[in-house]
Amino acid sequence: MTSEVRECSVARTLELVGAKWTLLAVRELLLGSHRFEEIVRYTGAPRDILTDRLRRLEAEGLVVRSQYQERPPRFEYHLSDLGRSLIPIIATMREFGDRHLAGADGPPLRLEHSCGEEYHPVLACKACGEVVGRGEVGVVGFPAAAN
């Protein structure tokens, strides 16, 4: 049996942001935590791992670091435009967790859209604007998996 690893954008994205502490750091930046101590506090990440994750996000252009204090040197972290493009991923993961993993107390966080209603992300077709339902998206130009 030979293995044919598929090249895909999911794998490439996971290489960059697939680690738990990386996505939790992005979550905190989206929620307004910009200082290292805040990110550590709200993620529970070990300091050395969080330092590594933030450096990688900065090196890849997802995070911008800016100094806010000289002695000792302290920095804030903000998502770049590229980093903010992760918002739909985080929102969809939150929605999955709220719907399937929240437990008896319900979701720990409620988001409100600018229209005043509770925010729940959906996937929609960019071309026609229709919300995508199960079984409505097909793979084009990719060899089918053997059954």
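Residues numbered from 1 in each chain as written. Predicted model: local features only at pLDDT ≥ 70, side-chain atom pairs only at ≥ 80, totals over all residues. Heavy atoms only, no water.

Visitor: Break down the layout of surface pockets for me, with residues and values.
Guide: Here the largest pocket defines a volume of roughly 650 Å³. If you go around the largest pocket, you meet 18 residues; those closest to its centre are R27, I90, M93, R94 and L109. Among the secondary structure elements, those contributing two or more residues to the lining of the largest pocket are helix 2 (20-30) and helix 6 (87-100). Considering each element in turn, the lining of the largest pocket owes the most residues, seven residues, to helix 6. Within the lining of the largest pocket, the residues separate by chemical class into 13 nonpolar, one polar and four charged. (1 Å grid on protein atoms, 1.4 Å probe; cavity = no way out; pocket = protein on both sides within 12 Å on 5 of 7 lines; lining within 4 Å. Points joined across faces, edges and corners; volume = space filled by probe spheres on them. Helix = DSSP H or I, 4+ residues; strand = E, 2+ residues; numbered from the N terminus. Nonpolar A, V, L, I, M, F, W, Y, C, P; charged D, E, K, R; others polar.)

Visitor: Kindly report on the packing of aromatic side chains, identifying the contributing residues and their values.
Guide: Taken as a whole and assessed by the stated rule, the structure comprises zero aromatic pairs. Over the aromatic face of Y68 sits the side chain of R35, whose NZ or CZ is 3.7 Å from the ring centroid. Across the ring face of F75, the terminal group of R65 is positioned such that the distance to the ring centre comes to 4.0 Å. (Phe/Tyr/Trp six-rings, centres within 6.5 Å; stacked < 30°, edge-to-face > 60°. Lys NZ or Arg CZ within 6 Å of the ring centre and 35° of its normal.)

Visitor: Which residues make up the pattern of salt bridges, and what values do they have?
Guide: Applying the stated rule across the entire model yields 13 salt bridges. R27 is the salt-bridge partner of E28, the closest N and O atoms lying 2.9 Å from each other. Looking at R27, the relative accessible area reads 27%, which means it is partly exposed. A salt bridge links E37 to R47; the nearest nitrogen and oxygen atoms lie 2.7 Å apart. (Salt bridge = Lys/Arg side-chain N within 4 Å of Asp/Glu carboxyl O. Buried < 20%, exposed > 50% of the residue type's maximum accessible area, 1.4 Å probe, protein only.)

Visitor: Give a description of the state of the cysteines that names residues and reports values.
Guide: Applying the stated criterion to the full structure yields zero disulfides. Left without a disulfide partner, C128 is nearest to the cysteine sulfur of C125, which lies 3.8 Å away. (Disulfide = S-S within 2.5 Å.)

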